[in-house]
Amino acid sequence: MTPTTEPPQGNHRATYREVLAEPRFRLLFSTRAVAITADALRITTFSVLVFSATGSALLSAVAFGIGFIPQLFGSLLLGSLADRLPPRALITGGYALTCAAALLLALVRMPVAASLGVVALVSLATPVFHGASSRLVAQSLEGDAYVLGRSLNNIAASGAQLFGLALGGAIVAALGPRRALAVSAVLYLGCALAIRIRLPRLEPGEFGNIPGGDGGAVRASLQGAGLLLRGRTVRRLMLAQWLPVALVAGAEGLIVAYAGERHFAPGWYAVLMGCLPVGMLVGDLLVGRLLRPHTRERLVVPLIVLMGLPLIGFAAEPGVGVSSCLLLLSGFGFAYGLGLQRPFLDALPRDGQGQAFGLLGSGSMTLQGIGPVCLGAVAAGFGTGCAIAVAGGAAALTAGWILTWRPSTSPITVQNYSPGSESGIEQHASSPPAQ
């Protein structure tokens, strides 16, 4: 990708120490890491609980993914609240809501359909408080510090997911699934209290103007999402962050079946599944810490290729050792996202950042839920190795699509918008690397 012509400080390389020195980010970062651990614990434990109650692998899989797809509807219908309400109240309320849901599942023996409905309803609000949190991070960190903040969040997410999965297995074995859900509720409660006590209450002027303040939340959310997606730059940058990740996530969903078809020893599927997050962690750490901003932006396309090409090797149905190496390499390529963070932030209207971040996250989660289903259909006809290879090839093709973007000669400037305005994003004479 062609770097933008910027002032010298635009290529300043921040450090993790600088990022963690910001108190507001440190609080959001630490509570989010704990919440991701609780998410992994709650999701896997709920899946176990449903399976133990029904004996149905299908319902167990539905329980695992029931919180993904509703997030997109929540973002479209409620996303504007991330910019309309004070962030402390939203983030605290979000953690409190997930705490209450986990506690309800732990204490009340409901029909499976009702428990699935509880999880789906709570997930509708997830993009709102996640969007508010992401917006607050963007306002707390500037320049390359923001990119490294995203890198730290990615590293923490990978580590917390692995820890949450391991913790879930241990707690379920020791205490049973309902008590494990209660443990996740305690973790959420701790996050809510930490945000409520330690995050200052911001007045409206401090966290931005309120777009569409006179209209209803649903109408404002739909109009705001429409404005964001109609802007070519924002739309392309969202798709670039959604598609490769969704394709590789779909391939990841086939690892258990692949290990079974290849008759790997019991437990090896868990090792293979751990290779992707380990590669992601190492990639984010090295790319985020060692490379300058412009270098990261130039490496977006090569890193997407690195995500996809190793997975094509599964067409040859390799053994455990080669499969592990291929997955590690693919995971390293996830660091491509760091090169898109600054262009994406620069392309957003300041008063719509919360909704934009919520839409980015919910769209990604939705596609990651759809990806395994689509690739599962391919695997049914051609085998899991072939399906994983198809996912890798498609991910690599998105790199070619990004190469077709025409670099412009001047930066994108974005005017503040309200959901009732006719145009939210204007291009002027210069654009970021991804247009």
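Calculation rules
Residues numbered from 1 in each chain as written. Predicted model: local features only at pLDDT ≥ 70, side-chain atom pairs only at ≥ 80, totals over all residues. Heavy atoms only, no water. Helix = DSSP H or I, 4+ residues; strand = E, 2+ residues; numbered from the N terminus. Buried < 20%, exposed > 50% of the residue type's maximum accessible area, 1.4 Å probe, protein only. Contact = heavy atoms within 4.5 Å. Areas by Shrake-Rupley, 256 points an atom, 1.4 Å probe, with all protein chains shown as cover. Phe/Tyr/Trp six-rings, centres within 6.5 Å; stacked < 30°, edge-to-face > 60°. Salt bridge = Lys/Arg side-chain N within 4 Å of Asp/Glu carboxyl O. Expected span 1.5 Å × (residues − 1). Patch = residues over 30% accessible without salt bridge, like charges linked within 9 Å, V, L, I, M, F, W, Y side chains within 5 Å. Core = buried A, V, L, I, M, F, W, Y, C linked by side-chain atoms within 4.5 Å. Axes fitted to C-alpha atoms, helices over the stretch in contact; angles between N-to-C directions. Parallel < 35°, antiparallel > 145°, perpendicular 65-115°, else oblique. Left-handed = near helix turned anticlockwise from the far one by under 90°. Nonpolar A, V, L, I, M, F, W, Y, C, P; charged D, E, K, R; others polar. Polar contact = N/O pair within 3.5 Å; in protein donor to acceptor, adjacent residues only side chain to side chain. pLDDT = per-residue confidence, 0-100.

All right, on to the overall build of the protein then. Per the secondary structure count, the protein includes 20 helices and zero strands. The buried share among the 435 residues of the protein stands at 52%. Restricting to contacts in the protein with at least 6 residues of sequence separation, those with at least 24 account for 84%. As displayed, the protein has an accessible area near 18200 Å², and 67% of this comes from carbon and sulfur atoms.

Within this structure, the stated rule accounts for six aromatic pairs. Ring centres of F344 and F357 lie 6.1 Å apart, and the angle between their planes is 65 degrees; on these two criteria the pair is classed as edge-to-face. With a gap of 13 residues between them, F344 in helix α18 (residues 338-347) and F357 in helix α19 (residues 353-382) connect regions that are remote in the sequence. Its relative accessible area of 5% is what places F357 among the buried residues. Every member of this aromatic cluster is reached through a ring pair, and the members are Y258, F264 and F314.

Let us look at the pattern of salt bridges. Where charged atoms from two side chains of opposite charge approach closely, those side chains can pair. On inspection of all chains with the given rule, the structure shows four salt bridges. Notably, a salt bridge pairs D39 with R42, separated by 3.9 Å at the nearest N-O pair. Placement of both D39 and R42 in helix α2 (residues 23-54) is noted, with a separation of three residues, approximately one turn of the helix. One salt bridge in this structure joins R342 and E297, with 2.9 Å as the shortest N-O distance. Here E297 lies in helix α15 (residues 293-298) and R342 lies in helix α18, a separation of 45 residues in the sequence. Exposure class is identical for R342 and E297. Each is buried. Through salt bridges with shared partners, one network takes in R32, D39 and R42.

Relative to the 33 Å expected for 23 residues at 1.5 Å per residue, helix α14 (residues 268-290) spans 33 Å between its end C-alpha atoms, a close match to the ideal helical length. When α14 is considered as a whole, its buried residues turn out to be L272, G274, C275, L276, P277, G279, G283, D284, V287 and G288.

What follows is about the environment of F64. When you line up the elements, F64 lands in helix α3 (residues 57-65). Linking F64 and A40, residues 24 residues apart in sequence, is a C-alpha distance of 9.9 Å. Residue contacts for F64: discarding those within four places in its chain leaves I43, T44 and S47.

Next up on the list: the environment of L229. Mapping L229 onto the fold places it in helix α11 (residues 217-230). On a C-alpha basis, the gap between L229 and L359 in space is 9.7 Å, while along the polypeptide they are 130 residues apart. Ignoring sequence-local partners within four residues, the contact set of L229 consists of R235, M238 and L359.

This next bit is on a nonpolar patch on the surface. Taken together, the side chains of I69, F73, L77, V218, L222 and I370 make up a nonpolar region of the molecular surface, amounting to roughly 490 Å² of accessible area. For the nonpolar patch, the elements supplying multiple residues, two or more each, are α4 (70-78) and α11.

Bringing the nonpolar core into the picture now. Note on soluble globular proteins: their nonpolar side chains tend to be buried together. Y95, Y146, L327, Y336 and F344 are the most contacted members of the largest nonpolar core, which totals 83 residues. Among the elements that line this core, the one with the most residues is helix α12 (residues 232-252), at eight residues. Counting 11 residues, the second-largest nonpolar core is a separate cluster that includes L49, V50, A63 and A106.

Moving on, we come to the packing of α12 against helix α16 (residues 300-312). Where α12 contacts α16, the axes come no closer than 11 Å and their chain directions differ by 25 degrees. For the element pair α12 / α16, the angle class is roughly parallel. By crossing handedness, the relation of α12 to α16 is classed as left-handed. Across from P244, V245, V248 and A251 in α12, the residues of α16 making contact are I304, M307 and L311. Class assignment of the residues belonging to the contact of α12 with α16 gives a composition of seven nonpolar, no polar and no charged.

Moving on to the environment of A194. Structurally, A194 can be placed in helix α9 (residues 177-198). As a C-alpha pair, A194 and S30 span 164 residues in sequence and 9.7 Å in three-dimensional space. A194 has contacts with L27, T31 and L199, leaving out every residue within four places of it along the chain.

Relative to each other, α16 and helix α17 (residues 320-332) sit at 160 degrees, their axes nearing to 7 Å. Looking at the two axes, α16 sits roughly antiparallel to α17. Every pair of crossing elements has a handedness; the one defined by α16 and α17 is left-handed. Two secondary-structure elements touch here, α16 through L303, L306, M307, P310 and L311 and α17 through L326, L327, L329, S330 and F332.

You can see S123 is positioned in helix α7 (residues 112-140). Side-chain polar atoms of S123 contact the backbone oxygen of A120, separated by 2.6 Å. Sequence-distant contacts of S123, that is, excluding residues within four places in its chain, are made with I66, G67, P70 and Q71.

Residues at a pLDDT of 70 or more form 86% of the protein, whose mean pLDDT is 80. Ranking the elements of the protein by mean pLDDT puts helix α10 (residues 204-207) last, at 49, and α16 first, at 95. Low pLDDT, under 50, characterises residues 210-214; the predicted model gives this stretch 13 contacts beyond four residues in sequence or across chains. Note on residues 408-435: pLDDT under 50 across the span, and 85 contacts to partners over four residues away in sequence or across chains.

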